[in-house]
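# Structure at a glance
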Amino acid sequence: MMPPDLFSTECAFVNTPFISLDADWQAAGSQPLPPQLAPWILEPASLTARLKRHCRQFRVQVLNEQRCTLPAFLQLLLPETHTAQLREVILWCNDMPCVYAQSWLPQRTIDALRPLADLGERPLGDYIFQQPGLQRGIIEATQLDIALPQLSTAALCYARRSVFTLNGLPLLVAEAFLPAMALLDETPL
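For the structure given in this document, a descriptive report is provided here.

### Some details on the side chain of glutamine 66
Looking at where glutamine 66 falls in the secondary structure, it is placed in strand E2 (residues 58–69). Of note is the side chain of glutamine 66, whose polar atom sits 3.4 Å from the side chain of asparagine 64.

Right, here's the structure in full:
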């Protein structure tokens, strides 16, 4: 059974992200993390691949995907970037919304790596982790107030972010671990 489409097409016209990443981010390895979430937060490889190993059904729900101005607080992470493609998705496992993900792809990255512009419901991680030129920056973590009324979710959630470079071109990926993460099997299937 697939979850209903909880977000109307009007979400494509949102001018700002559903969730702000404006928070105090610190190196994930230098702060105390909840034992249940620490392996997920510190995962250096694809979070998508790890999620797929822990659930029977996996899918991506695109909430918002559009070109917009990069917020000032993110400009230090993506220097020389004024506009970027914002992509917001929910990663569903076993019909549960487990991860909210937000990515910022600078226009120069999109121009050079066209498949990133047309992912649709394909996970970003499935594409980037198959590319030989991928490098991940430091994993940072924080807690974010997550309020997604369409999912009946409002909670303080742990999140992580990293700046990746793909063939020398940057992109930022942030992932917030929603309350349903506690319901996933701890051992891979």
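### What to know about the pairing of strand E4 (residues 96–106)
Of all eleven residues making up E4, eleven are buried, and the element is well covered by its neighbours. As consecutive antiparallel partners, strand E3 (residues 83–93) and E4 are separated by two residues, and within that stretch asparagine 94 has a phi angle of approximately 50 degrees, a positive value.

### Considerations on the pattern of salt bridges
On inspection of all chains with the given rule, the structure shows five salt bridges. With a closest N to O distance of 2.9 Å, lysine 52 and aspartate 126 form a salt bridge. With lysine 52 in helix H2 (residues 47–53) and aspartate 126 in helix H4 (residues 124–128), this pair connects stretches of sequence that are 74 residues apart. Between glutamate 65 and arginine 87 there is a salt bridge; the shortest N-O distance is 3.3 Å. Of the two residues, glutamate 65 sits in strand E2 while arginine 87 sits in strand E3, which places them 22 residues apart along the sequence.

Cut-offs used in this document
Residues numbered from 1 in each chain as written. Predicted model: local features only at pLDDT ≥ 70, side-chain atom pairs only at ≥ 80, totals over all residues. Heavy atoms only, no water. Helix = DSSP H or I, 4+ residues; strand = E, 2+ residues; numbered from the N terminus. Polar contact = N/O pair within 3.5 Å; in protein donor to acceptor, adjacent residues only side chain to side chain. Buried < 20%, exposed > 50% of the residue type's maximum accessible area, 1.4 Å probe, protein only. Pairing = 2+ DSSP bridges. Salt bridge = Lys/Arg side-chain N within 4 Å of Asp/Glu carboxyl O.

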